[in-house]
Amino acid sequence: MKRTILTNISEVVTPEGKNALHGKDMGKVKRLKDAAIVLENGKILAVGPNETIIKQYVEEDTVIQDKSGSCVLPGFVDSHTHFIFGGYRPDEFMMRLKGASYLEIHKAGGGIWNTVQATRNMGLDEMVQTGKERLEDMLSMGVTTAEGKSGYGLDRECELQQLEALEILKKEQPVSLVRTFLGAHSIPEEYKGRSDEYIDFLIKEMLPLVKEKNLAEYVDIFCESSVFNCEQSRRYLLAAKEMGFGVKIHADEIEALGGSGLAAEIGAVSADHLLMIRKKDCEKLDASSTVATLLPATAFCLHKPYAPARELIDGGCAVALASDYNPGSCFTNSIPLLFALAVIHMNMSLEEALCALTLNGAAAVGKADQIGSIEPGKAADLVVLEKPQYEFLVYHTGKNIVKEVYKDGNLAYSKR
Ligand code: NIG
Ligand code: FE
């Protein structure tokens, strides 16, 4: 690939570093006016003042691309999604608006189980095709890396098929994917009343298979009342760790079970949701390197209080933001909505929200050394806004202002 220089950028805004930023450091983003970025071999070679970069880096066959009037940011990392699924659940959404709770619907055999049935009826091709369309939509909002979970199969065949779909999608479209095995998303009908046996099945049969076929980097569990308790979650995730997987937890989403504290104790890469987290578990997270991944669109869609972002950041925690894109609790992949909710309702600063969706999101999928900031050596994953200042991300509330997206140095999306 020829050297490319993006010139006359009105501002580059980026967190810095190769690790998650904790606490106050989340607010320390770098803001460089009238800047240029040099891209070479899919990576960032240099970033700096426009004139200096042009003098130092323009060679005979360098491609110059003028970005006047645009702000450039690191590609967004959506570190928690369930975008491989069959069917939709609009009726449940309407039931919830009339007062039915998420767990009531779940216990009555709706919820996740509904999606499992539709997903089991899907062929691999259909999974790949719908996955591709959803990723294309995510890319248009600036997402250059996404995590994707299984968890709508809950049996050997369909769980593996979901992970295979992710594997195929890695090769067939530009968004980088990190795969998470979420076989412990719910207790399947076949194991009703026998959740310990289901965990045994996952440990003895599924985890070794997923490992052998190299189908996932992470293992996750839904630690929730009427799903899996803390003891089961600990047993399961420790077994996964032992086999070499990184681990994540859906924790303290609907009820405060203590999954977040467990995440910190066992060295999970992230604890996700945390709407109901208790103070003592906040403190455990603050003192750990586990990323607190907050999913404000889920709180919004479930009409629940937001996770205590301010408390976590003030306590020294590393916070990431992600969509939780799924057909049940949160049928949205909207990045503009995430920025708006984080900044307007969770009292995060825009600097913190940017860090949470880039570098800290990258840390939540173990890639902070490769992506998540605009610095030499990192992948050239960039978002070009149609506005000169990054404040428009929230000021133009709910609007997608992404004009172009570069993935590994190539223009992967351009607004029509
Ligand atoms: O993260 N909480 C568990 N999993 C999803 C919801 C899945 C569904 O309702 O289909 C979540 O909210
Ligand atoms: Fe989730």
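Data block above holds the structure.
Treat the numbers as computed from the prediction; the structure is a model and nothing was measured.

(A) The arrangement of the pairing of strand E11 (residues 270–273) in detail. Here four bridges tie strand E10 (residues 246–251) to E11, and the two strands are oriented parallel to one another. Among the inter-strand pairings, His-250 is bridged to a residue of E11, identified as Asp-272. Between E10 and its parallel partner E11, the chain crosses via helix H9 (residues 259–266), and the hand of that crossover is right-handed. Relative to strand E12 (residues 291–294), E11 runs parallel, the two being bridged by three bridges.

(B) Up close: the coordination of the iron ion (ligand 2). Note on the iron ion (ligand 2): its protein donors are His-80 (NE2), His-82 (NE2), His-250 (NE2) and Asp-324 (OD). The metal-donor distances range over 2.1 to 2.2 Å. Counting along the primary sequence, the residues that act as donors to the iron ion (ligand 2) give the motif H-x1-H-x167-H-x73-D. Here His-80 is found in the loop between strand E6 (76–78) and helix H2 (90–97), whereas its partner His-250 is found in strand E10, with 170 residues between them in sequence. Assigned by exposure class, His-80 and His-250 land together as buried.

(C) Fine view of the packing of helix H7 (residues 195–212) against helix H8 (residues 230–242). It is at 11 Å that the axes of H7 and H8 come closest, and there the two elements cross at 5°. For the element pair H7 / H8, the angle class is roughly parallel. Here Ser-195, Asp-196, Ile-199, Asp-200, Leu-202, Ile-203 and Leu-207 of H7 come into contact with H8, specifically with Gln-232, Arg-235, Tyr-236, Ala-239 and Ala-240. Here the contact of H7 with H8 is built from residues that sort into seven nonpolar, two polar and three charged.

(D) Looking closely at the site of ligand 1. Surrounding ligand 1, one finds 15 residues, the nearest of these being Arg-89, Tyr-102, Tyr-152, His-185 and Ser-329. Between ligand 1 and His-250, the relevant distance is 3.0 Å, taken from an oxygen atom to a side-chain nitrogen or oxygen of the residue. Here an oxygen atom of ligand 1 and a side-chain polar atom of Asp-324 are 2.8 Å apart. Burial of ligand 1 by the protein amounts to 100% of the accessible area it has alone, namely 330 Å². Of the residues in the shell around ligand 1, the class split is four nonpolar, eight polar and three charged.

Each value, and the rule that gives it
All residue numbers refer to positions counted from 1 along the written sequence of the respective chain. To label them, take the chains in the order written and letter them from A, then take the ligands in the order written and number them from 1. Local features in a predicted model are, by the rule used here, given only for residues with pLDDT of at least 70; side-chain atom pairs are given and counted only at 80 or more, and totals for whole chains, interfaces and linings are based on all residues. Side-chain metrics rest on all non-hydrogen atoms present in the structure, leaving aside hydrogens and water. Two strands pair under a simple rule: DSSP has to find at least two bridges between them. Strands here mean DSSP runs of E at least two residues long; helices mean DSSP runs of H or I at least four residues long; both are numbered from the N terminus. Assignment of crossover handedness uses the view with strands pointing away from the viewer, where a clockwise path from the first strand over the helix to the second indicates a right-handed crossover. With water excluded from the atoms, a metal site may look incomplete; its donors are any N, O or S atoms within 2.8 Å, or within 3.2 Å for Na, K and Ca. Any residue under 20% of the maximum accessible area for its type is buried, any over 50% is exposed, and the rest in between are partly exposed; the area is computed with a 1.4 Å probe on protein chains only. The axes used here are C-alpha line fits, helices contributing only the stretch in contact, and every angle between their N-to-C directions lies in the interval 0 to 180 degrees. For this classification, under 35 degrees means roughly parallel, over 145 means roughly antiparallel, 65 to 115 means roughly perpendicular, and everything else is oblique. Throughout, a residue-residue contact means that at least one pair of heavy atoms, one from each residue, lies within 4.5 Å. Classification convention: Asp, Glu, Lys, Arg as charged; Ala, Val, Leu, Ile, Met, Phe, Trp, Tyr, Cys, Pro as nonpolar; all other residues, Gly among them, as polar. Whether a residue is near a molecule or strand is decided by its heavy atoms; if any one of them lies within 4 Å of it, the residue is near. N or O atoms within 3.5 Å of each other form a polar contact, as long as, within protein, one can give a hydrogen and the other can take it, and as long as residues adjacent in sequence are counted only when both atoms are side-chain atoms. Computed with a 1.4 Å probe, the accessible areas rest on the Shrake-Rupley method; for each residue, only the protein chains presented here act as cover.

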